[in-house]
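# A look at the structure
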Amino acid sequence: MLLAGILLAAMLYVQNTAAAPVGESAPPPSALTLWYRQPAREWVEALPVGNGRLGAMVFGGAADERIQLNEDTVWSGGVRPAMPASIARELPAIRQLLFDGDFAAGEARARQTLLAIPDAGGSYQTLGDLLLSMEHAQEPRAYRRALDLDSGIATTSFEIDGVAVRRDVFASAPDNAIIVRLSADQPHRLTLGIALERAEAAVRPAAPSTLVLTNLARTDPGVKFAAVVRAAAEGGRVEIDGTRIKITGATAVTLAIAAATNFNRRDPFAPLTRDVEADAIAAAEAAIRGPYDRVKQRALDDHRRLFRRVSLELGATSGSERPTDERLAAVQRGALDPALAALYFQYGRYLLIGSSRPGGMPANLQGLWNKELQAPWSADYHININIQMNYWPAEVTNLSECAMPLFDFVEALADVSGRRIATDFYGARGFMAHYTTNAWLFSPDTGQPKWAMWQMGGAWTTRHFIEHYWYTGDRAFLKDRALPILRDAALFLLDWLVPDPRSGKLVSGPSASPENTFIAEDGGQYSVAMGNSMDQEIAWDTFSNYLAAARELDISDDTTARVRAALDRVAWPGIGRDGRVMEWAREFKEAEPGHRHMSQLFGLHPGHQFTSAATPAYMDAARRTIDARLAHGGGHTGWSRAWIVNFFARLRDGERAHENIQALLAKSTLPNLFDNHPPFQIDGNFGGTAGIAEMLLQSHDGEIALLPALPKAWPNGRFTGLRARGGFDVAVAWTNGVPDVVTITSSRGGTTRVRFGATVRDLTTAAGQTYTLRGAALDAPR
C-alpha cells in the first residue's frame, strides 16, 4: 500500500529557533476528566490520587464518604532470610543432565538443590480509611464525581438539604499530605464527623482537631507507622467526640492527612529511629497551617510541571461528553472512542506521577493503591516483567524523574542481597536477582521452578539505567549509576553463562522461561532447561548495553574485552520449523500454547535485538509467534495485552496494535480505568500508555520514526512533548495519517535521522534549538 510521506530532505520550510518552554498551554478540561453519575460501589470504581508517597482512593460518597489511604512503605514481614549454602558445585551436574535431554532428572535435582533462598515475607498494606459522615435530612441530588488529570483533584459535588456541597481531594507533594476540602454555598451549613479506621491499629485524639492512628504495639518486625488527620473549620466549631472529630456549623472544612513510618529505604532490616507519631503530626500541622488556596496552588504547580509536558489528541469522538463508565461500556460493545484511548494514555502518565516520585518507593504491582492487609501477590515487585513494564512509559512520555525510585530500588537491592546471592549462592561475581522481590530487598527462588528458577530479573532492570541515559544524555548518571550496575549485571552473566556442548555458544541455565512449561520427548511437563530464549536475549541486551555505556565514557579494559568476546558467543534464539521464535533451545511442544508471557519476544520489545533493518527473519518469526499465541487465547491478562500492543507497534502494524488497544479497554479495564489482570494490577495501565507512545513515535533503532504504527482509526491528531532517544522532544500534527508539522527540540545537539514511512533524512541539530519541519507530500511505500 502506498501512503503519503513527508519530504524531510528538500523541505519547503525549516525553522530553527531557540527551544520554547514545554507545557505552557492548558488542555481542554473535558478531554482529561474521568467522571461518573454515581458514587463508587466498590474499590475498583474509586478514583486515585497520589503524590508518590501518599495515596488515596476516593469513593465519592455524598453524605457518607470513604477515602482509603496508602503510604508507600507500609509493609508487613521483614524477617531477614538466612543465606543458604552455595550451590555452585551442583550446577555442572544439573547442566549436564539438561544438555543430555534428561529433563526429569535435571529438574528434580534442581528442585532439591537450587530452590533454597527464602523470602522476607510480608505484604504491602493499606494505611487505613478516612471516614466522613454528614448530618442530613434529605437524600442527595444533582450528584457528580470526577477526577481531573490535569489538576490531580478528585471532586465530588451534590446538593443535600438545599445546600450545594463540593468536596475536593488531592495529594500534595510539596506539603507531603493528602488534602480534603469541603465547602458549601451557604454559610454554617456543614456538620460532619471524621474518623480513621484500620484493622490491627489503634486510634486516639491528639488535640481538639487531630486524630492519630498507629500500629506501634505490633511485635513482629514489619513497619511501624502513624497516620494523622488534622481538621480546620471556617465559621464552625471543631471538637473531639470519643475517637472522632466533630465539626458543627462550618462553611468550609480543610483536612490534612499525613503519615510517617520507620522504614529505611536503603537498608530495610535496620529501621529508622524516629518518633513516627510526632513526625506525622508535625507534617499534618504544617500542611494545614497556611491558607488553603496557597496549599492547593503549590500542589497544582507541582503536578502540572510534570503532567503538562505531554499532550495528545487522537480525534473528536461522538459521545465523549458521557460519563467514563458509559464510554467504556460502549467500547465493550464494539464502539471506537479515540478520545478515550487518549484519556487512557494520559491516565497512565497520571498514575506514574502519583505512584513514583524521587525519594519514594517504586510503583509496585498496584502502583501505590491497595486496600488489603494481604494484597494479591503481596503487591510486591515482580521483576520478570511487571515492575519493568511499570516504567516503560517513564522516559518516552517525558517523566524521567519518575524513574528515579526504580534506580534507587535496584541499587539498594544489589547492595542488600543481589551481590550476596550472586557470590554466596551461585559462586559468581556481580549482581543478580530472581523473579521477584519486595520492600525488604531480598530476591527468593523458593516455590515452583517455572517461576522461581530464573536468574535474569536483575539484569533486565539494568536496561532502564541505560535507557535513562539515551533519553536524557545525563553523563553523570551514566558514569556514577548506569555503568556500575550494568557492569555488575554483566559480570554475573560472564560467570553464569556456559558453552553449549552442541554448538559451543554461551547459554544460560539451569533456568525456566518465566512461568511457562514445555512437554519433552518423554511426555513429561517441565520448566527447567538450558539456553531459554528470554535468558539469551537478556544476556545479549545486557552485554550490549554495558558496552554502549563503556564506549560513551571511553572505557576500554579487561572487562569490556571479556564482555565483547562473550557477546559474540551468546546463542541467539532459534526459529522453529513453523516459523516462530522458539521459546526454548529445543523445539518442544508447548504445554500452554496461549500462555500470557511471551518471553521469547524480549528482543522485539522492550529490547532492540530484533529490528526490521537488521533481523527481518526474526521480525517475521515474531509476528508468527504472536499470532499463534493469540489464536490459542493469549493476551488474556491486562499486562499481557498491553505487551502485545507494544509488539505490534514495533512491527509497525498500526491496525493490529489498535485492535489490541481496543481489547485492552474492552476486556481488561475496570470502571475507574485501572487495569484488570484480574484482579487489579497496574502494569497494564503503564504498558498500555507505553504502547500508544510506541505507535506514535519510536527511536530504538537509531532514528526518530514518526507515526510508525498509526491506525486508520486515528487519521487526524497531534501530540506534543514525547521524547526520543538522543535527547529530543518531538511534536507532530497530522491529517489523514500524514504529518503536517513536525517540531523537534534538541537538548544535546547532534545529528539524527528522521523517518516517516520509507522516507529517511538526516537532521543536524544544536543543543537548545527547535526545528520545525514542513514539507510537500510524496507517495512512499510504508
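If you tally the helices and strands in the protein chain, you get 18 helices and 37 strands. Computed over the C-alpha atoms, the radius of gyration of the protein chain is 27 Å, within 12% of the 28 Å expected from 2.2 N^0.38 for a compact globule of 782 residues. For the protein chain, with 782 residues in total, the buried portion stands at 62%. The long-range share in the protein chain, meaning contacts at least 24 apart out of those at least 6 apart in sequence, stands at 70%. Counting every atom, the protein chain has about 26800 Å² of accessible surface; 50% of that belongs to carbon and sulfur. Side chains of the protein chain carry 79 positive and 86 negative charges; the gap between the two charge centres is 2 Å.

With that settled, the discussion passes to the nonpolar core. Residues Leu130, Ile194, Leu255, Tyr426, Leu696, Phe719 and Val730 are the most contacted members of the largest nonpolar core, which totals 235 residues. Sort the elements by how many residues they give to this core and helix α9 (residues 404-425) lands first, with twelve residues. Those residues in contact with Phe719 that sit more than four places away from it in its chain are Ser311, Leu312, Leu696, Leu697, Leu707, Val730, Ala731, Val732 and Trp734. Residues Phe170, Ala256, Ala287 and Ala299 belong to the second largest nonpolar core, which totals eleven residues.

What follows covers helix α15 (residues 616-631). Compared with the 22 Å implied by 1.5 Å per residue over 16 residues, the 23 Å span of α15 between its first and last C-alpha is a close match. By the burial criterion, the buried members of α15 are Tyr618, Met619, Ala621, Ala622, Thr625, Ile626, Ala628, Arg629 and Leu630. Buried positions along α15 lie against β28 (589-590), α16 (638-650) and α17 (654-667). One or two steps after α15, the chain reaches Gly633, where phi turns positive at roughly 95°.

On to empty space enclosed by the protein, then. Enumeration over the complete set of coordinates arrives at four cavities of 30 Å³ or more. If you add up the space inside the largest cavity, you get close to 220 Å³. Contributing elements (two or more residues each) for the lining of the largest cavity: α8 (392-396), α11 (457-472), α16 and α18 (683-696). The element contributing the most residues to the lining of the largest cavity is α11, with four residues.

Contact pair α15 / α16: the axes reach a minimum separation of 11 Å and the direction vectors enclose 150°. Considering their axes alone, α15 and α16 lie roughly antiparallel with respect to each other. α15 and α16 meet at a crossing whose hand is left-handed. The segment α15 lies against α16, with Met619, Arg623, Ile626, Asp627 and Leu630 engaging Arg641, Ile644, Phe647, Phe648 and Arg650. Broken down by class, the residue content of the contact of α15 with α16 amounts to six nonpolar, no polar and four charged.

Note: strands within a sheet are paired through backbone hydrogen bonds, in either parallel or antiparallel orientation. If you trace the three strands from one edge of the open sheet to the other, you get β26-β25-β28, paired in antiparallel fashion. Strands at the two margins of the open sheet, each flanked by one partner only, are β26 (525-526) and β28. By the bridge criterion, two bridges tie strand β25 (residues 518-519) to β26 in an arrangement that is antiparallel. Residue pairing across strands places Phe518 opposite Tyr526, the latter belonging to β26.

Glancing now at the environment of Pro501. Among the secondary structure elements, Pro501 is positioned in the loop between β22 (498-499) and β23 (506-507). Among the residues examined, Pro501 registers a relative accessible area of 56% and is labelled exposed. Sequence separation between Pro501 and Phe99 is 402 residues, and the spatial gap between their C-alpha atoms is 7.6 Å.

This next bit is on the packing of aromatic side chains. The final tally for this structure, using the stated rule, is 34 aromatic pairs. Taken together, a centroid distance of 6.3 Å and an interplanar angle of 55° make the contact between Phe719 and Trp734 tilted. Of the two residues, Phe719 is situated in strand β31 (residues 717-724) and Trp734 in strand β32 (residues 728-735); the sequence distance between them amounts to 15 residues. Taking relative accessible area as the criterion, Phe719 reaches 1% and is therefore assigned buried. Linked through ring pairs, Trp43, Tyr347, Tyr350, Trp369, Phe674 and Phe680 together constitute an aromatic cluster. The aromatic ring of Trp496 is capped on one face by Arg95, whose charged end is 4.8 Å from the ring centroid. A cation sits over an aromatic face here: Arg145 above Tyr36, 4.4 Å from the ring centre.

The next point concerns unusual backbone geometry. A cis geometry characterises the amide bond from His605 onward to Pro606, with omega recorded as 10°. Within the element layout of this structure, Pro606 appears in the loop between β28 and α15. Across the junction of Pro678 and Pro679, the peptide omega takes the value -5°, indicating a cis bond. Relative to the helices and strands, Pro679 is located in the loop between α17 and α18.

So, on to the pattern of salt bridges. Taken as a whole and assessed by the stated rule, the structure comprises 53 salt bridges. For Glu107, the salt bridge is made with Arg111, and the minimal N-O distance between the two is 3.8 Å. Of this pair, Glu107 and Arg111 both sit in helix α2 (residues 103-113), separated by four residues, roughly a single helical turn. For Glu107, a relative accessible area of 6% corresponds to the buried category.

As a further point, take the pairing of strand β34 (residues 750-756). Of the pairings in the sheet, the one linking strand β30 (residues 704-706) to β34 comprises two bridges and is parallel in character. By the bridge assignment, Ile704 is partnered in β34 with Val754. Across seven bridges, β34 lies against strand β35 (residues 759-765) in antiparallel orientation. In the sheet register, Gly750 faces β35, and the bridge partner there is Thr765. Taken together, β34 and the strand that follows it, β35, pair antiparallel across an intervening segment of two residues, in which Gly757 is found at a positive phi of about 60°.

Across the sheet, four strands lie side by side as β29-β30-β34-β35; this open sheet has mixed pairing. Of all the strands in the sheet, just β29 (697-698) and β35 have a single pairing partner and so form its edges. Sheet topology note: the β29/β30 ladder contains two bridges and is antiparallel. The partner of Gln698 across the bridge, within β30, is Ala705.

You can see Thr436 is positioned in strand β21 (residues 436-437). Owing to a relative accessible area of 5%, Thr436 belongs among the buried residues under this scheme. With residues up to four places along the chain from it excluded, the contact list for Thr436 reads Asp380, Tyr381, His382, Ile383, Phe442, Ser443 and Pro444.

Turning our attention to the confidence of the model for the protein chain. Regions with low pLDDT should not have their predicted coordinates read in detail. Overall, the predicted model of the protein chain reaches an average pLDDT of 93, with 95% of residues at or above 70. Taken as a whole, residues 776-782 scores under 50 in pLDDT and shows 28 contacts with residues more than four places along the chain or in a different chain.

Okay, α18 next. In a regular helix each residue adds 1.5 Å, so 14 residues correspond to 20 Å; α18 covers 20 Å between its end C-alpha atoms and thus fits that length. Within α18, 14 of the 14 residues are buried, which leaves the element mostly enclosed by the surrounding structure.

Here we take up the environment of His434. The residue His434 is located in the loop between α9 and β21 in this model. Leaving out residues up to four positions away in the same chain, His434 has contacts with Ile117, Ile383, Ile421, Tyr426, Ser443, Pro444, Asp445, Ala452, Trp454, Gln455 and Gly457.

Moving on, we come to the side chain of Thr73. Looking at where Thr73 falls in the secondary structure, it is placed in the loop between β6 (64-71) and α1 (91-99). For Thr73, the side chain forms a polar contact with the side chain of Thr261, separated by 2.8 Å. Aside from chain neighbours lying at most four places away, what touches Thr73 is Val223, Thr261, Phe263, Arg265 and Met361.

Cut-offs and rules
- Residues numbered from 1 in each chain as written.
- Predicted model: local features only at pLDDT ≥ 70, side-chain atom pairs only at ≥ 80, totals over all residues.
- Heavy atoms only, no water.
- Helix = DSSP H or I, 4+ residues; strand = E, 2+ residues; numbered from the N terminus.
- Rg over C-alpha atoms; globule rule 2.2 N^0.38 Å.
- Buried < 20%, exposed > 50% of the residue type's maximum accessible area, 1.4 Å probe, protein only.
- Contact = heavy atoms within 4.5 Å.
- Areas by Shrake-Rupley, 256 points an atom, 1.4 Å probe, with all protein chains shown as cover.
- Lys, Arg positive; Asp, Glu negative; His and termini not counted.
- Charge placed at Lys NZ, Arg CZ, Asp CG, Glu CD.
- Core = buried A, V, L, I, M, F, W, Y, C linked by side-chain atoms within 4.5 Å.
- Expected span 1.5 Å × (residues − 1).
- 1 Å grid on protein atoms, 1.4 Å probe; cavity = no way out; pocket = protein on both sides within 12 Å on 5 of 7 lines; lining within 4 Å.
- Points joined across faces, edges and corners; volume = space filled by probe spheres on them.
- Axes fitted to C-alpha atoms, helices over the stretch in contact; angles between N-to-C directions.
- Parallel < 35°, antiparallel > 145°, perpendicular 65-115°, else oblique.
- Left-handed = near helix turned anticlockwise from the far one by under 90°.
- Nonpolar A, V, L, I, M, F, W, Y, C, P; charged D, E, K, R; others polar.
- Pairing = 2+ DSSP bridges.
- Phe/Tyr/Trp six-rings, centres within 6.5 Å; stacked < 30°, edge-to-face > 60°.
- Lys NZ or Arg CZ within 6 Å of the ring centre and 35° of its normal.
- Salt bridge = Lys/Arg side-chain N within 4 Å of Asp/Glu carboxyl O.
- pLDDT = per-residue confidence, 0-100.
- Polar contact = N/O pair within 3.5 Å; in protein donor to acceptor, adjacent residues only side chain to side chain.

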